[in-house]
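Here are the chains, one letter per residue:
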Amino acid sequence: ATQFRRDLHQIPEVARQEFKTSEYVGAHLAKLHCQVEKVCGTGYTAFFDNGAEDTIAFRGDMDALSMQETSGVDFASKNNYAHTCGHDTHTSMLLGAAKLLMDNKDNLAGGKVKFMFQPGEEGHGGGHKMVEAGVLENPHVDAAMGFHSFAGLDVPTGHVVYSPGPAMASCDMFTITVTGKGAHGARPEAGVDPLNILCHIHGMLQTINSRERKQLEPMVLTLGQLVCGDAPNIIPNEGYMRGSIRAFSEESRQLFIRRLNEISKGVAESLGGTAVVDCQSTGLATVNDLTVGSEMEGYLKELLGDDHVSTCEPSMGSEDFSEVISRVPGVFMRLSLGSCEEGYCFGGHHPKVRFNDEGLYLGSACFTHCALRWLEEHK
């Protein structure tokens with residue numbers, strides 16, 4: 001897994017452009033002499049069939065981020081992108097697990113294992129596209145599991161943490177475009193000020209959180225961009241505001257989306273303008289199945305020890321493995337690849353983040369052990 005990771009780390013590619021990464025993964029899968037299928041352009045599935053009906057799936061995502069790496073490692077990125085989210089570690093650990101399982105195929109209990117090498121996780125709907133391409137069928141997947149590596153916290157390398165039930169939030173990105181009527185700043189009564197309307201919408205949207213949502217269900221509204229006009233003494237015709245909504249329950253998510261539209265359009269109309277809302281989902285809430293989560297937790301404790309597996313608080317970040325485990329029972333866990341005490345002081349999406357390669361073999365071992373034990377229990 002370490003060599004896989006160091007090779008991939010030097011050739012990071014962003015979503016929908018994972019061509020070299022895909023070629024690398026495909027070449028190594030071909031050596032395993034298993035059933036391999038290319039999906040979604042640059043993705044792959046690898047399939048092991050030991051006869052019985054039950055199927056478990058594991059996922060590793062492949063895409064990088066559009067940023068410069070400043071980690072200082074001698075195998076740093078050789079282009080303008082960077083694996084600062086650790087997807088190269090996910091792909092490498094999954095490739096390592098596929099090799100381990102194939103090398104020990106004769107010792108597997110009856111059952112099927114499917115490996116999903118997924119492109120486009122970083123906000124490009126890769127998980128949804130993989131599901132639409134049929135990766136959960138033929139044969140039907142009965143359980144699924146994924147890992148995300150992390151660094152920069154107080155969790156030592158090789159420790160696994162996860163959240164039973166809600167684990168990561170949904171994410172919807174929206175744009176509110178307001179049209180008013182341009183005028184000179186000396187005669188505001190002759191126009192309809194879209195900036196004024198946007199500011200009123202901004203304030204009113206805060207009441208969804210403070211007065212309308214269920215207070216025991218976390219929900220986050222972020223308004224991160226407001227663009228309106230290009231001169232200090234001119235009222236422009238149009239402006240827009242962009243933000244995101246994050247929630248753990250679909251009920252809360254739908255409430256926010258409905259009220260986002262009603263408030264934006266209602267406030268704009270009351271002030272003489274119009275508003276158009278464009279809201280795009282970039283990920284459903286990631287909710288771990290309690291049964292599968294408990295089962296995999298037990299297997300990992302067998303492998304790593306009870307003190308190396310624990311539960312943690314949910315995160316308001318999002319993850320498109322939700323597209324898989326919203327359709328089949330599954331669990332998404334996190335594997336530490338470096339703590340602050342160990343010298344890994346930066347977290348994901350930071351240009352200086354480093355991951356401890358010494359923990360990669362444990363990731364492959366976790367995938368492999370969970371596959372072996374699940375097949376044994378479900379044969």
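This structure is a prediction, so every number in the text was calculated from the model and none was measured.

S.K.: Got a minute to help me understand the side chain of Glu13 in this structure?
M.R.: Counting through the fold element by element, Glu13 comes out in the loop between α1 (2-9) and α2 (19-30). It turns out Glu13 is buried and unbridged, and the closest side chain with the opposite charge, Lys20, is 6.1 Å from it. Of the polar contacts made by the side chain of Glu13, one reaches the backbone nitrogen of Phe19; its length is 3.2 Å. At 2.9 Å, the side chain of Glu13 forms a polar contact with the backbone nitrogen of Lys20. The contact partners of Glu13, leaving out residues within four places of it in the chain, are Glu18, Phe19, Lys20, Thr21, Asp63, Ala64 and Tyr81.

S.K.: What exactly am I supposed to notice about the sheet that holds strand β10 (residues 219-228) here?
M.R.: By way of backbone hydrogen bonds, the strands of a sheet pair with one another, either parallel or antiparallel. Ordered by their spatial adjacency, four strands build an open sheet running β10-β12-β8-β13, and the pairing between neighbours is antiparallel. Both edges of this open sheet fall to β10 and β13 (274-283), since each of them pairs with a single strand only. Strand-to-strand, the axes of this sheet are offset by a mean angle of 15°, without reference to chain direction. One ladder, built from eight bridges, connects strand β8 (residues 171-179) with strand β12 (residues 238-247); its direction is antiparallel. The partner of Thr177 across the bridge, within β12, is Tyr240.

S.K.: Whenever I open this one, the packing of aromatic side chains confuses me. Can you help?
M.R.: Ring pairs (aromatic) are described by centroid distance and by the angle formed between their planes. Applying the stated criterion across every chain, the model contains six aromatic pairs. Arranged with centres 5.5 Å apart and planes meeting at 85°, the rings of Phe48 and Phe115 form a pair that is edge-to-face. Placement of Phe48 in strand β2 (residues 43-49) and of Phe115 in strand β4 (residues 112-118) is noted, with a sequence separation of 67 residues between them. Of the residues examined, Phe115 reaches a relative accessible area of 0% and is grouped as buried. Summarising the aromatic geometry, the rings of Phe58 and Phe367 are spaced 5.5 Å apart at their centres and angled 75° between planes, so their arrangement reads as edge-to-face. A residue pair is termed long-range when its members are at least 10 positions apart, and Phe58 in strand β3 (residues 55-61) and Phe367 in helix α9 (residues 360-377) qualify at 309 residues. Members of the aromatic cluster, connected to one another through ring pairs, are Phe48, Phe58, Phe115, Phe147 and Phe367. One residue, Lys114, lies across the ring of Phe47, its end atom 5.8 Å from the ring centre. Over the face of the ring belonging to Phe150 we find Arg334, whose NZ or CZ atom lies 4.5 Å from the ring centre.

Rules used throughout
- Residues numbered from 1 in each chain as written.
- Predicted model: local features only at pLDDT ≥ 70, side-chain atom pairs only at ≥ 80, totals over all residues.
- Heavy atoms only, no water.
- Helix = DSSP H or I, 4+ residues; strand = E, 2+ residues; numbered from the N terminus.
- Buried < 20%, exposed > 50% of the residue type's maximum accessible area, 1.4 Å probe, protein only.
- Lys, Arg positive; Asp, Glu negative; His and termini not counted.
- Salt bridge = Lys/Arg side-chain N within 4 Å of Asp/Glu carboxyl O.
- Polar contact = N/O pair within 3.5 Å; in protein donor to acceptor, adjacent residues only side chain to side chain.
- Contact = heavy atoms within 4.5 Å.
- Pairing = 2+ DSSP bridges.
- Axes fitted to C-alpha atoms, helices over the stretch in contact; angles between N-to-C directions.
- Phe/Tyr/Trp six-rings, centres within 6.5 Å; stacked < 30°, edge-to-face > 60°.
- Lys NZ or Arg CZ within 6 Å of the ring centre and 35° of its normal.

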